[in-house]
Structures are given as structure tokens and as C-alpha cells.
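In case you want the letters, here they are:
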Amino acid sequence: MTQSAELKGREAKGKLSRAFDFAIYAGIAGLFGLLILRGGSGPKEGALAAGFQLPLATGNGTFRLEEQRGKPVLMEVFASWCGACERAAPMIDQVYRDAGRDDVVFVGVSLDEDAGAAREAKESWPIRYPVAVDDGSVSRAYGVSLLPTFVLIDRDGKIKRVSAGVPSRRTLSRWLQEL
């Protein structure tokens, strides 16, 4: 084989290898796109909400979702280091105050590993409803991949609405009016 033919052979193999790599990457990207379009692994509306029991950030007791059966629950999953969560806090607090109803339970679930960071966020943002500290079970069970994530659970314990990202105040108020 001549040096020229050998060089052409290596170039052809290189092109084939790059085409194969491109096909693999395109396939992986396509799968991720499909997951996003289908809603990923997050909570599905109409599904039974996964129960949980978590310590409160204040250190005084626990929050048990199962104890809320018979009342709708609006759950916000957030973290103290999440800028979007902090910017949304005044709006969520306003929705909470506007609701002014004892028949809807609001709860924050902090993904902070440190209860002190969750407590500090609760106090400084301000958040007037209880904040529980996730041990990883809520974020896994609800497939949280974007912060904040809001989940509205109906009186029967089924997921009624989900919003990954910050919904508008109007949207949250409409959710509560639908109950």
C-alpha cells in the first residue's frame, strides 16, 4: 500500500469514527429531548402523591403529608441557594396571605442539606408557612429537576397541578380557586 493510499484510509476511518460519535451524541440528545417533552420523571397530574415525613426547619416537630388528607396541600420545593426561589418568595407569600384559608395547607420543602440554611431562608425571604427539610426522599419521589417546583395535592391525596419553575401569582391563585 502506498503512503497516499494509507493516508486516505486513515482519513476515511476518522470520518467514519466522527460520524459514529455524532450519531451516538444525537441519539442521547434525542432521548433527553423526549424525556423533557414527555414531562421527564417528575410528578404526574392525577397520580397519588408520595407520602413523606420530614423535620421542620425550625427544629420544632415534623411535617407529615399523610396527616393533611382531607385538605389540599400546596407544596413548594426550593433551596436557599436558588436565586429564582428567593425572587419568587414575596409572590408566594402574597398568595399565601391572599388565600387566608385554613382549608389549604402550604408547605415548603427545602433541599438544603443544612437545616440552618433552610431556617435562615424561611426567616429572611420571608416564608410564613412551615418549611420542612428534605432528606432526599421528596426530591426523588417527586422527580424534582428544576427549582422551585410547585405541586398542588388535592383533598384525596392526588396530584392536581405541577409547575417546574416559577408559576405566576395568577396561576397559583387560579389553582387554589379550582379546589
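Coordinates for the structure precede this section.
Reading the values: rules and limits
- Residues numbered from 1 in each chain as written.
- Predicted model: local features only at pLDDT ≥ 70, side-chain atom pairs only at ≥ 80, totals over all residues.
- Heavy atoms only, no water.
- Disulfide = S-S within 2.5 Å.
- Buried < 20%, exposed > 50% of the residue type's maximum accessible area, 1.4 Å probe, protein only.
- Helix = DSSP H or I, 4+ residues; strand = E, 2+ residues; numbered from the N terminus.
- Pairing = 2+ DSSP bridges.
- 1 Å grid on protein atoms, 1.4 Å probe; cavity = no way out; pocket = protein on both sides within 12 Å on 5 of 7 lines; lining within 4 Å.
- Points joined across faces, edges and corners; volume = space filled by probe spheres on them.
- Nonpolar A, V, L, I, M, F, W, Y, C, P; charged D, E, K, R; others polar.
- Salt bridge = Lys/Arg side-chain N within 4 Å of Asp/Glu carboxyl O.
- Arc of directions from axis to C-beta.
- Contact = heavy atoms within 4.5 Å.
- Axes fitted to C-alpha atoms, helices over the stretch in contact; angles between N-to-C directions.

A.B. asks: Just checking my understanding: could you explain the state of the cysteines for this structure?
C.D. replies: Formally, a disulfide is one covalent bond, and it connects the sulfur atom of one cysteine to the sulfur atom of another. Applying the stated criterion across every chain, the model contains one disulfide. Between the sulfur of Cys 82 and that of Cys 85 lies a disulfide, 2.5 Å long from S to S. Disulfide Cys 82 to Cys 85: torsion about the S-S bond roughly 80°, handedness right-handed. Each member of the pair Cys 82 and Cys 85 is classed as buried.

A.B. asks: What is the right way to read the pairing of strand β3 (residues 73-78) from this model?
C.D. replies: Note on strand geometry: in a regular strand, side chains alternate between the two faces of the sheet. Within β3, six of the six residues are buried, which leaves the element mostly enclosed by the surrounding structure. Here β3 shows a buried face lined by Val 73, Met 75 and Val 77 and a second buried face lined by Leu 74, Glu 76 and Phe 78. As paired strands, β3 and strand β4 (residues 105-110) are joined by six bridges and run parallel to one another. Each residue of the ladder has a partner; that of Val 73, found in β4, is Val 105.

A.B. asks: Whenever I open this one, empty space enclosed by the protein confuses me. Can you help?
C.D. replies: Over the atoms rolls a probe the size of a water molecule, and its path tells where empty space is left. Applying the stated criterion to the full structure yields one cavity of 30 Å³ or more. Its boundaries defined by the atoms lining it, the largest cavity holds a volume of some 30 Å³. Around the largest cavity, the lining residues are Glu 76, Cys 85, Ala 89, Ile 92, Asp 93, Trp 125, Pro 126, Ile 127 and Tyr 129. Here the lining of the largest cavity is built from residues that sort into seven nonpolar, no polar and two charged.

A.B. asks: So what exactly am I meant to see when it comes to the pattern of salt bridges here?
C.D. replies: Charged atoms that come close allow side chains of opposite charge to pair. In the structure shown here, the tally under the stated rule is eight salt bridges. Of the charged contacts in the structure, one is a salt bridge between Asp 93 and Arg 97, with a shortest N-O distance of 3.0 Å. Of this pair, Asp 93 and Arg 97 both sit in helix α2 (residues 83-99), four residues apart, roughly one helical turn. Among the salt bridges present, the one from Arg 174 reaches Glu 178, with a minimum N-O distance of 3.9 Å. What makes Glu 178 partly exposed here is its relative accessible area of 33%. Linked through salt bridges whose partners overlap, the residues forming this network are Glu 45, Arg 161, Arg 174 and Glu 178.

A.B. asks: Teacher, can you tell me more about helix α3 (residues 115-124) here?
C.D. replies: Since one α-helical turn is 3.6 residues long, residues separated by three or four positions face the same way. For α3, the full list of buried residues reads Ala 118, Ala 121 and Lys 122. Angularly, the buried residues of α3 cover 100° about the axis, an arc narrow enough to put them on a single face. Along α3, the residues that are exposed and aim more than 90 degrees away from the buried face are Glu 120, Glu 123 and Ser 124. For α3, the elements touching its buried residues are β3, β4 and β5 (131-133).

A.B. asks: Is there a simple way to explain the environment of Val 151 in this structure?
C.D. replies: With respect to the helices and strands, Val 151 occurs in strand β6 (residues 149-153). Looking at Val 151, the relative accessible area reads 1%, which means it is buried. Filtering out sequence-adjacent residues up to four positions away, Val 151 remains in contact with Pro 43, Val 73, Leu 74, Met 75, Tyr 142, Ile 159 and Arg 161.

A.B. asks: Just to check I follow, could you spell out the sheet that holds strand β7 (residues 159-164) for this structure?
C.D. replies: Sheets are built from strands that pair by backbone hydrogen bonding, the pairs being arranged parallel or antiparallel. Strand order in the open sheet formed by five strands is β5-β4-β3-β6-β7, with mixed pairing between adjacent strands. Taken across any chain shown, the strands that pair with only one partner, and hence form the sheet edges, are β5 and β7. The mean inter-strand angle of the sheet, taken between neighbouring strand axes irrespective of direction, is 20°. Contacts from α3 reach β3, β4 and β5, with the element oriented near 165° to β5. Along the sheet, helix α5 (residues 169-177) makes contact with β3, β4, β6 and β7, crossing β6 at roughly 15°.

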